[in-house]
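Architecture and fold: a report
Read off the chains here:
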Amino acid sequence: MAKIIAPHGGELVNCYLDSSLLDAAKNEAQELPSWDLTERQLCDIELILNGGFSPLTGFMGEDDYQAVCKDLKLTDGSVWPIPITLDVSEEFAEKVSKGNGVTLRDPEGVVIAILDIDSKWLADKKLEAEQIFGTTDELHPAVDYLINRSNPVYLGGKLRGVEAPGHYDYKSLRDTPAELRAKFKAKGWTKVVAFQTRNPMHRAHQELTFRAAKNLEANLLIHPVVGMTKPGDIDHYSRVRCYEHLLEEYPEQTTALSLLPLAMRMGGPREAVWHAIIRKNYGCTHFIVGRDHAGPGKDSNGNDFYGPYDAQELLQKYQDEIGIKMMPFEMMVYVEERAEYAPISQVKESETMLNISGTEFRRRLNEGLDIPKWFSYDKVVEELRKTKPARHKQGFAVFFTGLSGSGKSTIANALMIKLLEAGGRATTLLDGDLVRKHLSSELTFSKEHRDINITRIGYVASEIVKNRGIAICAPIAPYTSTRRRVREMISNYGGFVEVYVATPLEECERRDRKGLYALARKGIIKEFTGISDPYEEPTNAEIVIDTTQYTVEEEVQKILLKLESMGYLK
Ligand code: PPS
């Protein structure tokens, strides 16, 4: 039998300094080297400081990190499945060493904590990806983050918390573990089952959470992640409005909503174990784990990264040690004849099962199609329609990539004219040369600077798309991982169409409109794409254009028809 600890019992870490030590620490912080926390580090530190990640008392040192990677355990033997490390640049790492303190600040410069370094090492990221996520495939969002975005050096050590990361949104719905435990105690909730989600909740979710709570005779905590989720997910503002509507569907006094500032890794089985530990820290006794918990989607070969029940199996193994009981759940489907939901295994062969997949639901929203009442609640659908209007009302980006002189700018300009003729949305062209002049004039053509340049373009384009305009981008963008990051940044807000202008190098060089290839061949221009610098050809572009075969007008038509078929033009 699993040992269930009382929801308001169990040791919680609190890394915040006592008020008597605060002033001295704030003075000390001004003298120490400073590191600006990334979005993910800010999520992690909030949960370390407030005890959500108990028993961690800081960012992991190398020994704990190795133990976690190999055995899902900290060196003290407690179960811990995900590395919580502070990744910093090599340049910063050179300035600090074991025994030093580092001031950790939020993006506005507010001092959050002091890290007392007791470990510093160069990460073996490929190995970490393999050990933690079971793959080095960069289509896994956490592997992509690890390999392409996180910094190379890890710092470990205890934290002295100065101030909790600030939030202006939904303050009344944000609880620390201690606050949530106190709330449970005040309400007399001794048995609490938690539900983790990063998506809007519909009737099936209401049914399964309600059933789980009812069967256990437990109270229910809806505990959605509002830190970082999977790129492309619905933003948390819209989701929280949906959850608030959903709360009305449960019996009074039985269910609570609280927001969790976690940065998910989409790590499937290991992530499920992590989620369970966190919920235990937040005072829950039971944790619901369904099919493909925290699944990252498909790999480069189109296969799922993890088996549908791998997460349940792994948590099953560790639940007793953690001190929380897993509630595995089956998929709930709507049974037409009974006009009610039922677990899939309880549906008879003669009955009709109805279900709308996440993909189908998004398609219907995108196309402004009907969403049946049995699937969701009117108020929830209304919220989501406001956030995700039909595609022809959303913004989109057309992102050209290709060698210098491949014809990107010519086609991009012609496309812009056609879109301006059609009207309806504000349209901006972010051409490679123009961006270099107005946004990136200080940058060179090194890999690092090219990445910064493309990320800037992606950022501007994502703002345009967020505001439902059209952004046409035409840089060389030679690196796959940077193009992927731009796609992610923009797909969060609207459409993204990548157009690979695949004019062969020989042809670009033959045309040499700007005379740059000649200079590059002579070595006068260094790091020239295609000559002395790489161009990684896109393999998943929506459109591939061959300018040696078709006219500009024909290419533009191809793009317009693609946009139309995707639903962005009406
Ligand atoms: S990148 O890699 O995407 O940041 O490059 P991008 O900003 O699009 O390049 C803009 C134009 O800079 C000219 N140029 C070079 N291109 C490639 N490599 C080197 N070293 C270089 N130096 C200058 C080139 O004309 C690019 O314009 P396009 O329109 O692509 O010809």
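Residues numbered from 1 in each chain as written. Predicted model: local features only at pLDDT ≥ 70, side-chain atom pairs only at ≥ 80, totals over all residues. Heavy atoms only, no water.

**What about the site of the ligand?**
Selection rule: One heavy atom within 4 Å of a molecule or strand is enough for the residue carrying it to be called near that molecule or strand. Whenever two N or O atoms come within 3.5 Å, that pair is a polar contact, provided that in protein one can donate a hydrogen and the other can accept it, and provided that, for residues adjacent in sequence, both atoms are side-chain atoms. Per the convention used, a helix needs a DSSP run of H or I reaching at least four residues, while a strand needs a run of E reaching at least two, with both numbered from the N terminus. Just so you know the grouping, Ala, Val, Leu, Ile, Met, Phe, Trp, Tyr, Cys and Pro go in nonpolar, Asp, Glu, Lys and Arg go in charged, and all remaining residues, Gly too, go in polar.
Close contacts around the ligand come from 22 residues, with Ser-404, Arg-436, Arg-450, Ile-476 and Glu-527 the closest. Within the backbone of Lys-526, a nitrogen or oxygen atom sits 3.2 Å from a nitrogen atom of the ligand. One nitrogen or oxygen atom from the main chain of Thr-529 is found 3.3 Å from a nitrogen atom belonging to the ligand. Elements that contribute at least two residues to the shell around the ligand include exactly helix 14 (408-422), helix 15 (432-438) and helix 16 (447-466). For the shell around the ligand, the residue count by class is nine nonpolar, six polar and seven charged.

**Comments concerning the domain arrangement of the protein chain**
Short version of the rule: As used throughout, domain bounds are those supplied by an automatic or database domain assignment. For this analysis, residues touch if any pair of their heavy atoms sits within 4.5 Å. Using a 1.4 Å probe, buried area is obtained as the accessible area two parts lose upon being combined, added over both of them. Think of a salt bridge as a Lys or Arg side-chain nitrogen and an Asp or Glu carboxyl oxygen that are within 4 Å of each other.
Per the domain assignment, the segments of the protein chain are domain 1 (2-161), domain 2 (171-260 + 266-334) and domain 3 (391-565). For domain 1 versus domain 2, the separation of C-alpha centres amounts to 24 Å. Across the contact, 39 residues belong to domain 1 and 41 residues belong to domain 2. Roughly 3200 Å² is buried in total at the junction of domain 1 and domain 2, and carbon and sulfur atoms are behind 66% of that figure. Our count for the domain 1 to domain 2 interface comes out at one salt bridge.

**Observations concerning the sheet that holds strand 13 (residues 340-343)**
Note the threshold: Should DSSP find at least two bridges between two strands, the strands are regarded as paired. To obtain an axis, a line is fitted to C-alpha atoms, over the contacting stretch when the element is a helix, and the angle between two such axes runs from 0 to 180 degrees between their N-to-C directions.
Pairing is antiparallel across the open sheet formed by three strands, whose spatial order is 13-12-14. Two strands lie at the open edges of the sheet, namely strand 13 and strand 14 (353-354), each paired on one side alone. Strands strand 12 (332-335) and strand 13 of the sheet are contacted by helix 8 (residues 203-216), whose axis makes an angle of about 60° with strand 13.

**Considerations on helix 11 (residues 310-322)**
This is how the line gets drawn: Any helix carries an expected span of 1.5 Å times its number of residues minus one. Bend at a residue means the angle formed by two fitted axes: the first through the 7 residues ending at that position, the second through the 7 residues beginning there. Here's how the labels work: a residue is buried when its accessible area is under 20% of the maximum for its type, exposed when over 50%, partly exposed in between, all with a 1.4 Å probe on protein chains only.
Under the 1.5 Å per step criterion, the end-to-end length of helix 11 is 18 Å for 13 residues, consistent within 8% with the ideal 18 Å. Considering bend angle alone, the principal kink of helix 11 is centred on Gln-316 and spans about 40°. All buried positions along helix 11 are accounted for by Ala-311, Gln-312, Leu-314, Leu-315, Tyr-318, Gln-319 and Ile-322. Turning to helix 11, the residues buried within the fold contact helix 3 (62-71), helix 10 (268-281), strand 10 (286-289) and strand 11 (325-328). Gly-323 sits one or two positions beyond helix 11 and adopts a positive phi of about 95°.

**Let's talk about empty space enclosed by the protein**
The condition that has to hold: Note on definitions: the grid is 1 Å and covers protein atoms alone; a cavity is a set of points where a 1.4 Å probe fits but cannot get out; a pocket is an open set with protein on both sides within 12 Å along at least five of seven lines; lining residues have an atom within 4 Å of a point. Grid points are joined across faces, edges and corners, and a volume is the space filled by probe spheres set on the points.
The final tally for this structure, using the stated rule, is one cavity of 30 Å³ or more. One number sums up the size of the largest cavity: a volume of about 140 Å³. Residue lining of the largest cavity: 16 residues in total, with Arg-40, Pro-83, Thr-85, Glu-128 and Arg-265 positioned closest to the centre. Of all the secondary structure elements, the ones that give two or more residues to the lining of the largest cavity are helix 2 (39-49), helix 5 (125-133) and helix 6 (141-149). Here the residues of the lining of the largest cavity are counted per class, giving eight nonpolar, three polar and five charged.

**Details of a negative patch on the surface**
How we decide: Nonpolar side chains (Val, Leu, Ile, Met, Phe, Trp, Tyr) within 5 Å and like charges within 9 Å form the patches, drawn only from residues with over 30% relative accessible area and no salt bridge. Surface exposure here means Shrake-Rupley accessible area, sampled with a 1.4 Å probe, where a residue is shielded only by the protein chains that are shown. We treat Lys and Arg as the positive residues and Asp and Glu as the negative residues; His and chain ends play no part in the count. The location of each charge is read from NZ of Lys, CZ of Arg, CG of Asp or CD of Glu.
Together, Glu-90, Glu-91, Glu-94 and Glu-448 line one region of the surface with negative charge. Checked against the element boundaries, Glu-448 lands in helix 16.

**Here's the deal with the packing of aromatic side chains**
Heads up, the rule is: Put simply, two rings from Phe, Tyr or Trp (the six-membered ring, in Trp's case) pair if the centres are within 6.5 Å, and we call them stacked under 30 degrees between planes, edge-to-face over 60, tilted for the rest. Look at NZ for Lys and CZ for Arg. If either is within 6 Å of the ring centre and within 35 degrees of the ring normal, a charge sits over the ring.
Inspection of every chain in the model, using the stated rule, returns 17 aromatic pairs. Centroid distance Tyr-500 to Tyr-535: 6.0 Å. Interplanar angle 20°. Geometry classified as stacked. One end of the pair, Tyr-500, is in strand 18 (residues 495-501); the other, Tyr-535, is in the loop between helix 19 (516-521) and strand 19 (543-545), with 35 residues separating them in the sequence. Each of the two residues, Tyr-500 as well as Tyr-535, counts as buried. Put simply, the rings of Tyr-334, Tyr-341, Phe-361, Trp-374 and Phe-375 pair up and form one aromatic cluster. Between the NZ or CZ atom of Arg-436 and the centre of the ring of Phe-445, over which it lies, the distance is 3.7 Å.

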